[in-house]
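Next come the chains, spelled out residue by residue.
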Amino acid sequence: VPVFWGEGVIGVIVADSTSSNAYDSSTVAFLGHFTKLVGAIVKSYTHKFDLLQASKALESINMFYSFSQSIPTENDNISDRITNTLKTLFPNANIGLCGYNSETDSWQIKSFRGYSNDLTGLEINIEDSVIGDTIYQCKTFSLQPYDKTNHIRVYPQEKDLQGQFVSVPIKSKTQIYGAIFVELIVDESFSEFDISIIELIGDHAGNSIERIYLSETLQSSALVDYN
């Protein structure tokens, strides 16, 4: 007997007997009650899961803004806000942020939170790395341990991939300011919703950086007549 949820079949309840003519129409009707019960349970759990996911999204946004409000608007600090937010959401991961350093004319790790050696300040070759592809193409990249690629993920001396690796651009509608990478240190994977959370943080971070740049530009170029 099929178990329906919405417009599709999500499962089947099966009864088997070695006796001939063991079941009649009343048996099918009896099993039908259980199909409705299973469908209702699945619907209930799915709605609960959706609410938990939505709550996680809201939590991540509120967390990011709380970090933003607690630190003065200095561009050097926003990298730490982003990695601190993501580290709270994904404690079993190495998390870093790659941004451009205008003083050295290079891309480097601006902030890092994780279990390996601190990578803060490490210069990145974006010509031959997954995080570089993220910046050049302004899109999300994801790698699993079984994926074969000639590209390094972040830097040449990195260890073999244990869990999933995700690299997300930090962007606004008009500019890209760098990339976030999140790498699980255990053999696990992100859900599609987890990746969307990281992308959401990347978008909010890009807009925050753009506001900081515009504010700094305004303050440095404005002429004020106090009279």
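Located above this text is the structure these notes cover.
Since the model is a prediction, treat every value here as computed from it, not as a measurement.

Rules and cut-offs
Residues numbered from 1 in each chain as written. Predicted model: local features only at pLDDT ≥ 70, side-chain atom pairs only at ≥ 80, totals over all residues. Heavy atoms only, no water. Helix = DSSP H or I, 4+ residues; strand = E, 2+ residues; numbered from the N terminus. Expected span 1.5 Å × (residues − 1). Buried < 20%, exposed > 50% of the residue type's maximum accessible area, 1.4 Å probe, protein only. Salt bridge = Lys/Arg side-chain N within 4 Å of Asp/Glu carboxyl O. Core = buried A, V, L, I, M, F, W, Y, C linked by side-chain atoms within 4.5 Å. Contact = heavy atoms within 4.5 Å. Phe/Tyr/Trp six-rings, centres within 6.5 Å; stacked < 30°, edge-to-face > 60°. Lys NZ or Arg CZ within 6 Å of the ring centre and 35° of its normal.

Draft legend 1. Structural context of helix α4 (residues 192-221). Counted at 1.5 Å a residue, the expected span for α4 with its 30 residues is 44 Å, and the 43 Å between its end C-alpha atoms agrees. Burial in α4 covers these residues: Asp-194, Ile-195, Ile-197, Ile-198, Ile-201, Gly-202, Ala-205, Gly-206, Ser-208, Ile-209 and Ile-212.

Draft legend 2. Just the pattern of salt bridges, in detail. Counted according to the given criterion, the structure contains four salt bridges. The partner of Glu-183 in a salt bridge is Arg-153, with the nearest N and O atoms 3.2 Å apart. Here Glu-183 is found in strand β8 (residues 176-184), whereas its partner Arg-153 is found in the loop between β6 (141-143) and β7 (165-171), with 30 residues between them in sequence. The pair Glu-183 / Arg-153 is uniform in exposure class, with both members buried.

Draft legend 3. Up close: the nonpolar core. Core analysis: the biggest nonpolar cluster contains 23 residues, and Ile-82, Leu-86, Ile-180, Val-182 and Ile-198 have the highest contact counts within it. Within the residue set of this core, elements represented by two or more residues are α2 (75-89), β3 (93-101), β7, β8 and α4. In terms of residue count, the dominant contributor to this core is α4 (seven residues). Residues within four places of Ile-180 in sequence aside, it is in contact with Ile-82, Leu-86, Gly-96, Leu-97, Val-166, Ser-167, Val-168, Ile-170, Ile-198, Ile-201 and Gly-202. Of all hydrophobic cores here, the second largest spans 17 residues; its members include Val-130, Ile-131, Val-154 and Leu-161.

Draft legend 4. Spotlight on the packing of aromatic side chains. Counted according to the given criterion, the structure contains five aromatic pairs. Considering the side-chain rings of Phe-112 and Phe-181, the 6.4 Å spacing of their centres and the 35 degrees angle between planes classify their relative orientation as tilted. In this pair, Phe-112 sits in strand β4 (residues 106-113) while Phe-181 sits in strand β8, placing the two residues 69 residues apart along the sequence. Residue Phe-181 is classed as buried on the basis of its relative accessible area of 2%. On the numbers, 6.2 Å between centres and 25 degrees between planes, the contact of Phe-165 with Phe-181 is stacked. Taken together, the residues span a long stretch of sequence, with Phe-165 in strand β7 and Phe-181 in strand β8 at a distance of 16 residues. Pair check on accessibility: Phe-165 and Phe-181 agree, each one buried. An aromatic cluster is present here, built from Phe-112, Phe-165 and Phe-181 joined pairwise through their rings. Positioned over the ring face of Phe-165 is Arg-153, at 6.0 Å from the centre of the ring.

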